[in-house]
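Structural features, examined
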Amino acid sequence: MHANNEIGTINPIQEIAELAAERRLAFHSDAVQTFGKLPIDLRNTPVTLLSISAHKIYGPKGIGALYLRRGVRLAPLLLGGKQERERRAGTENVAAIVGFGKATEMMLAVRQQEQRRLQALAETFLQRLQTIYPKAVRNSPAHDRLPGILNISFPGMDSLATAA
C-alpha cells in the first residue's frame, strides 16, 4: 500500500522496491490512494507492478490500471482472446477507459492546487475542532501524509454515546 487510506501515512515504496529489487523479488504497490494526490515516478521507483483506480480521481467506477514493469510476465486471468496482450479475454470497456484517461488529464491539471487546498482544509478543520474539544488528537502524521485524510481521536468521549 503506497499510502494508508485511514490515517494517510505515506509508505516508503521507493526504499521497499529497492530492497525487493536487490533480492530479485517482485514488488506490487497498491497506489489507489495516492494516484492523483502525489506524483508517482515509475521510471525511478523499481516497483514490479502498481495498481491504480479511476474512481479515486472522480473517474468512472469499475476501471483501473495495472502497471507492469517491462519484461514482467503474468499468467492470463481469463483465456480465449487477444485482449490485454492475451492476459484477460473479454471486451474492453472502452467508454470507461476513455473516461479514466480524461479524468487523469483533468487531475494532472489541478493536482498541486488541490493538494494545497486539502492540506489547508484539514489543518483548519483540526484547529477549529480543537477549539471546541481541546483533547482532540491527530492520529495522522502532521507531515508526509495524504492531503485529504485526517484521522482524529477524542480521548474521554464515549464512542457509543448518542445525542439527546
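Values in this document were obtained by computation on a predicted structure and should not be read as measured data.

Examining the overall build of the chain
Within the chain, the secondary structure is distributed over three helices and five strands. Counting helices and strands in the order they occur from the N terminus, the chain gives α-β-β-β-α-α-β-β. For the chain, the spread of C-alpha atoms along the three principal axes comes to 60 × 40 × 35 Å. Across the 164 residues in the chain, those meeting the buried criterion constitute 29%.

Focus on the pattern of salt bridges
What the rule picks out here adds up to five salt bridges. In this structure, R23 engages E22 in a salt bridge whose closest nitrogen and oxygen atoms are separated by 3.7 Å. E105 is the partner of K102 in a salt bridge, and the nearest nitrogen-oxygen pair spans 3.0 Å. In this pair, K102 and E105 are both assigned in helix α3 (residues 94-132), three residues apart and thus about one turn of the helix distant. Taking relative accessible area as the criterion, E105 reaches 49% and is therefore assigned partly exposed. One continuous salt-bridge network, built from bridges that share partners, spans E123, R138 and R145.

Overview of the side chain of H2
With respect to the element layout, H2 can be found in the segment before α1 (13-22). If near-sequence neighbours (up to four positions away) are discounted, H2 is found in contact with T9, I10, N11, I13, S29, D30, A31, T34 and I40.

Remarks on the nonpolar core
Counting residues in hydrophobic clusters, the biggest one holds 16 residues, and the most contacted among them are F27, F35, V47, L50, I52, I57 and F100. For this core, the elements supplying multiple residues, two or more each, are α1, β2 (49-53) and α3. Examining the composition of this core, we find that four residues originate from one element, α3, more than from any other. Listed in part, the five residues of the second largest apolar core include L126, L129, A136 and I152.

Points about α1
Taken together, the buried positions of α1 are occupied by I13, A17 and A20. For α1, the angular spread of buried residues about the axis comes to 60 degrees, placing them on one side. Looking at the buried residues of α1, the elements they touch are β1 (28-30) and β2. Directly after α1, the chain includes R24, whose backbone phi takes a positive value near 60 degrees.

Rules and cut-offs
Residues numbered from 1 in each chain as written. Predicted model: local features only at pLDDT ≥ 70, side-chain atom pairs only at ≥ 80, totals over all residues. Heavy atoms only, no water. Helix = DSSP H or I, 4+ residues; strand = E, 2+ residues; numbered from the N terminus. Buried < 20%, exposed > 50% of the residue type's maximum accessible area, 1.4 Å probe, protein only. Salt bridge = Lys/Arg side-chain N within 4 Å of Asp/Glu carboxyl O. Contact = heavy atoms within 4.5 Å. Core = buried A, V, L, I, M, F, W, Y, C linked by side-chain atoms within 4.5 Å. Arc of directions from axis to C-beta.

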